[in-house]
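Chains, contacts and geometry: an overview
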Amino acid sequence: MTEALQTCRPVEGPLEPSVSPLIPARALTFEKPAAWRAPALSAFVKQHHYSKACPPGMHWFSAWHGAELVGVMLFRKPSLPKTGAAYGCDLELSRVVLLDKAGKNSESRFIGWALRWLKKHTDKQAVISFADPRFGHVGTIYKASNWHYLGREKGHGTRRIVVDGEWLHSKTAYDRWGMSGANLIAHLAPRKVEVVVCPPKNVYRYALRANAGINRRRRGAGDRSDAVAASGGREG
């Protein structure tokens, strides 16, 4: 399951001299790896994603330059049951990670390859993804991949627990340690633990099936989900 296309990743920041010149995008191949590779792919995400965390995955995808792994993408069940119901989706694009050496427009092509695979080989209806404004992510790569913008995340944002630099959803932290808030901070001492209230994220949805519809909400005048595809941004 490989195809000569390009790559994608959410790591922000300028390229360092050590990663120049960029790998030509069409020199990269994409594949749907075997399940037994998941631990290695998870380790790659934890090393290179800004959150330093990787949730369990349902569908993994990888990007390669020859024998070198340069990117990983992860789809999972919606993080919370209400997420699927609220946005009419049965998959969540949770991680898109590529090395800085990946070429221009790589993310949108990597995502496109994975969506085509899901459409052909699964019965999933629609995918949801969230762009985090805390890291300057507004959804450029989703616009470039013809996703539909649904506005900001419903509610008042989410709470994250940061343990020694690892960002965890509050539910994930509770599942792991059986407590939260001040009790968790005391339990994990002297480890560094922070509780961070994050602003609502930008929400994007992609319908894999024609009968899955376009949106669950009417787009506002300021939304640009149907705008001309932007050049591939480094988001995820």
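Residues numbered from 1 in each chain as written. Predicted model: local features only at pLDDT ≥ 70, side-chain atom pairs only at ≥ 80, totals over all residues. Heavy atoms only, no water.

This part covers the overall build of the chain. Helix and strand counts for the chain stand at six helices and eleven strands. Within the chain, the proportion of its 236 residues that are buried is 49%. For the chain, long-range pairs separated by at least 24 residues make up 75% of all intrachain contacts whose partners lie at least 6 apart in sequence. For the chain, the computed accessible surface area is about 11600 Å², with 53% contributed by carbon and sulfur atoms. (Helix = DSSP H or I, 4+ residues; strand = E, 2+ residues; numbered from the N terminus. Buried < 20%, exposed > 50% of the residue type's maximum accessible area, 1.4 Å probe, protein only. Contact = heavy atoms within 4.5 Å. Areas by Shrake-Rupley, 256 points an atom, 1.4 Å probe, with all protein chains shown as cover.)

Turning to the environment of S180, a few remarks are in order. If you trace the backbone, S180 turns up in the loop between α5 (170–177) and α6 (181–188). As a C-alpha pair, S180 and I161 span 19 residues in sequence and 8.5 Å in three-dimensional space. Setting aside chain neighbours within four positions, we find S180 in contact with R159 and Y174.

Across the sheet, which stays open at both edges, the three strands sit in the order β9-β8-β10 with antiparallel pairing between neighbours. What marks the edges here is a single partner per strand, and that holds for β9 (166–169) and β10 (193–198). The sheet shows a mean angle of 30 degrees between the axes of neighbouring strands, direction not considered. In the sheet, strand β8 (residues 158–163) pairs with β10 via six bridges, with the strands oriented antiparallel. Residue V162 lies in a different strand from β10, and its bridge partner there is E194. (Pairing = 2+ DSSP bridges. Axes fitted to C-alpha atoms, helices over the stretch in contact; angles between N-to-C directions.)

Taking 1.5 Å of rise per residue, the 16 residues of helix α3 (residues 106–121) would be expected to cover 22 Å, and the 23 Å separating its terminal C-alpha atoms lies within 8% of that figure. Every buried residue belonging to α3 is among S106, E107, S108, F110, I111, G112, W113, A114, L115, W117 and L118, and all of these are buried. (Expected span 1.5 Å × (residues − 1).)

Moving on: the pattern of salt bridges. The final tally for this structure, using the stated rule, is four salt bridges. The shortest N-O distance in the salt bridge between E31 and R37 comes to 2.3 Å. Across the pair E92 and R76 runs a salt bridge whose closest N-O atoms are separated by 3.5 Å. Here the residue E92 occupies a position in strand β5 (residues 91–98), and R76 occupies one in strand β4 (residues 68–76), the gap between them amounting to 16 residues. (Salt bridge = Lys/Arg side-chain N within 4 Å of Asp/Glu carboxyl O.)

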